[in-house]
Amino acid sequence: MAEIKRMFDILENYRKNFSNEEMVSGKFDGQRRIYSTAEFIENVDTLTRALLEFGIKKGDKVALMSANRPEWNFCDFGVMQLGAAIVPLYPTLSKQDLKHILTDADVKVIFVSTTELYEKLKESVDELSASVEVISFDNVPDTTAWEDFLKTGDPNVDLNEYREQIDEDDLLTLIYTSGTTGKPKGVCLSHRNIISNILASSHLFPTEYKKAISFLPLSHVFERMVVYMYFSLGIEVHYAESMDTIIDDVKEVKPDGFTTVPRVLEKVYDAIYAKGKALTGLKRSIFFWALNLGLNYKEPGKNSAFYNLQLKIARKLVFKQWQAALGGNIVALISGGAALQERLARVFWAADIPVLEGYGLTETSPVISVNGLKPDQIKFGTVGKVLSNLEVKIADDGEVLCKGPSIFLGYYKNEEATAEVVDENGFLHTGDIGELSEEGFLKITDRKKEMFKTSGGKYVAPQVLENKLMESLFIAQVMIVGEGRRFPSALIVPAFDKLKSWCKVKGIEWRSNDEIVKDPQVIDKFQREVDLMNKGFGHWEQIKKFILLPKEWSIDAGELTPKLSLRRKVILSNHTDELDEIYKGEK
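## Digging into the overall build of the protein chain
Helices and strands together make up the secondary structure of the protein chain, namely 21 helices and 26 strands. Against the 2.2 N^0.38 benchmark of 25 Å for 587 residues, the protein chain shows a C-alpha radius of gyration of 25 Å, consistent with a compact globule. In terms of overall dimensions, the protein chain has a C-alpha envelope of 75 × 60 × 50 Å along the principal axes. Across the 587 residues of the protein chain, 55% fall into the buried class. Summed over its atoms, the accessible surface of the protein chain is roughly 26,100 Å², and 49% of this surface lies on carbon and sulfur atoms. On the protein chain, the mean spot of the 74 positive side-chain charges and the mean spot of the 86 negative ones are 8 Å from each other.

Written as structure tokens, this is what we have:
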């Protein structure tokens, strides 16, 4: 991989060293379309020539709004070969944010996948002062069809002339952050930024890792960098048809791994737990024996011989079914975007499904640290060891600072905002509070801006409390509140499937979510869960009151970011009545 200096060099590396008959695939209407290495490169080069004919040149911006599919990659590589930059657009962006991004980036062309996404985009495009060409993958009315656009390029143009003009420090992509306040800021990432991150992370993948499935949005730098890494290592990439078909797609593809977010793993665990709970007699006893064994799993090499003997039996009797549910070939999963429950990491590792939790930011391309498969590379409760090409230190106030080749070029046309996060010594201030062990393992304890002080002057770190509460099988989502109040409280969204099963056993009639969250017996059950999770926290940190909410927070409602992080200000704004109820009578 030494010859990879610009991102498109990956394709020539792939052609020389791997040249698979199945390089990438997408699934549409139940049918999977597979592209070989030759077909992939041909599509990329054909698109580059079409863009050249249209007038796209080095430094231009091309927007892309689409779910994961091979055309996403064709656009990305096709654009970068001209020295232009892809501007990914999250499908959940508001009209105002879409218009701001398209205007701020001076986008010349927009690729869009479906009619549904075009309708979302159309109003913002119509309001732009300059005309923008819209090209659709699915032949959407009032747009230029993908097939027709590809035909416009001159097949005789030598693209090497254009590739040679591109330097590793040139802009590769412009990603607008999905912040909770103010207008989105454009994060400028160069070829060097992301390639350095790939080179420093690729040691995680053993040689037996040959096939991956992808479903996290390529619009986010986490999934995009990992897909680049797959290509650099000759790993096949197969896209899920949709978020609703992931389980079926995984069973079909039988991948060696995939990237995920903790919420997906929580749902997988909850589904497995529910099936175990439905068992009877000896099978039920064996299931929960294995589960409890898994929850006590220590890092590889730290478990006793007797424990390992029991684990061998548990894997044969119970955990092999977990592997089968994920296709049967899992080598490793990579988790990011939010904190992973330590209990989940332990039980999945015990089930021989290693989950490697990592940490990073869009501004760091994105990985700062990540756990690995080897005994000296993994420590539960941490986000792994800092990458070898990065320098991380902890500031006096606990903030994690990072410096190295993957630190972004800056915010687009916003030097003031860049200066606020990158100091004079080149260290990026992440905004996260953390700890660094002597062995080099990084632990993130909270977001600096999310820590709050009670009216009694005590600091509370909400993420620590939230992570603990999420250990309860009855809690799907939770947010801790209490800024300037006498005590911390919690907004809790129950895990309704689990709650329904509990209510059935207790003989509690289920009428609706709105009514069940007000049922005294249900409230009492959650009080016991909260009391249990409160143990171990200081008196000033403990949850004194909570409110159960009838509806999950979602991306569409603006309450979650695309990577499923809480938009705290939006959630607070949407639940002022509930907060008034919690703190009524308090001056």
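## Let's talk about the pairing of strand 15 (residues 367–370)
By the bridge criterion, 3 bridges tie strand 14 (residues 355–360) to strand 15 in an arrangement that is antiparallel. Residue pairing across strands places Gly-358 opposite Val-370, the latter belonging to strand 15. Hairpin connection of strand 14 to strand 15: 6 residues between the antiparallel strands, including Ser-365 at a positive phi of 75°. For strand 15 and strand 16 (residues 385–386), the ladder comprises 2 bridges, and the chain directions are antiparallel. Bridge assignment links Ser-369 to a residue of strand 16, and that residue is Val-386.

## As for the sheet that holds strand 25 (residues 489–494)
Ordered in space as 24-25-26, the 3 strands form an open sheet in which the pairing is mixed. One side of each edge strand has no neighbouring strand; the edge strands of this open sheet are strand 24 (475–481) and strand 26 (545–548). Within the sheet, the average angular offset between the axes of one strand and its neighbour, ignoring direction, is 25°. Note: strand 24 against strand 25, 6 bridges, orientation antiparallel. By the bridge assignment, Gln-477 is partnered in strand 25 with Val-493.

## Overview of the nonpolar core
Grouped together as the largest cluster of nonpolar side chains are 124 residues, with contacts concentrated most on Met-7, Phe-77, Phe-111, Trp-322 and Phe-348. Per-element accounting of this core gives the leading share, 9 residues, to helix 9 (residues 221–232). Setting aside chain neighbours within four positions, we find Phe-348 in contact with Leu-265, Val-268, Tyr-269, Trp-322, Ile-353, Pro-354 and Val-355. Membership of the second largest hydrophobic core comes to 39 residues, among which are Val-493, Trp-502, Val-517 and Leu-579.

## Considerations on the packing of helix 13 (residues 305–325) against helix 14 (residues 342–350)
Contact geometry for helix 13 and helix 14: axes closest at 9 Å, N-to-C directions at 90°. As the angle between them shows, helix 13 and helix 14 are arranged roughly perpendicular. Along the contact surface, helix 13 presents Tyr-307, Leu-311, Arg-315, Phe-319 and Trp-322, while helix 14 presents Val-347, Phe-348, Trp-349 and Ala-350. When its residues are assigned to classes, the contact of helix 13 with helix 14 shows 8 nonpolar, no polar and 1 charged.

## Topic: the sheet that holds strand 17 (residues 391–394)
Read from one edge of the open sheet, 4 strands run 17-18-20-21, paired in antiparallel fashion. The sheet is open, and its two borders are formed by strand 17 and strand 21 (442–447), each paired with just one other strand. Going from strand to strand, the sheet's axes swing by 50° on average, the running direction of each strand aside. Taken together, the 5 bridges between strand 20 (residues 428–436) and strand 21 define a ladder with antiparallel strand orientation. Bridge assignment links Asp-432 to a residue of strand 21, and that residue is Arg-447.

What counts, and where the lines are drawn
- Residues numbered from 1 in each chain as written.
- Predicted model: local features only at pLDDT ≥ 70, side-chain atom pairs only at ≥ 80, totals over all residues.
- Heavy atoms only, no water.
- Helix = DSSP H or I, 4+ residues; strand = E, 2+ residues; numbered from the N terminus.
- Rg over C-alpha atoms; globule rule 2.2 N^0.38 Å.
- Buried < 20%, exposed > 50% of the residue type's maximum accessible area, 1.4 Å probe, protein only.
- Areas by Shrake-Rupley, 256 points an atom, 1.4 Å probe, with all protein chains shown as cover.
- Lys, Arg positive; Asp, Glu negative; His and termini not counted.
- Charge placed at Lys NZ, Arg CZ, Asp CG, Glu CD.
- Pairing = 2+ DSSP bridges.
- Axes fitted to C-alpha atoms, helices over the stretch in contact; angles between N-to-C directions.
- Core = buried A, V, L, I, M, F, W, Y, C linked by side-chain atoms within 4.5 Å.
- Contact = heavy atoms within 4.5 Å.
- Parallel < 35°, antiparallel > 145°, perpendicular 65-115°, else oblique.
- Nonpolar A, V, L, I, M, F, W, Y, C, P; charged D, E, K, R; others polar.

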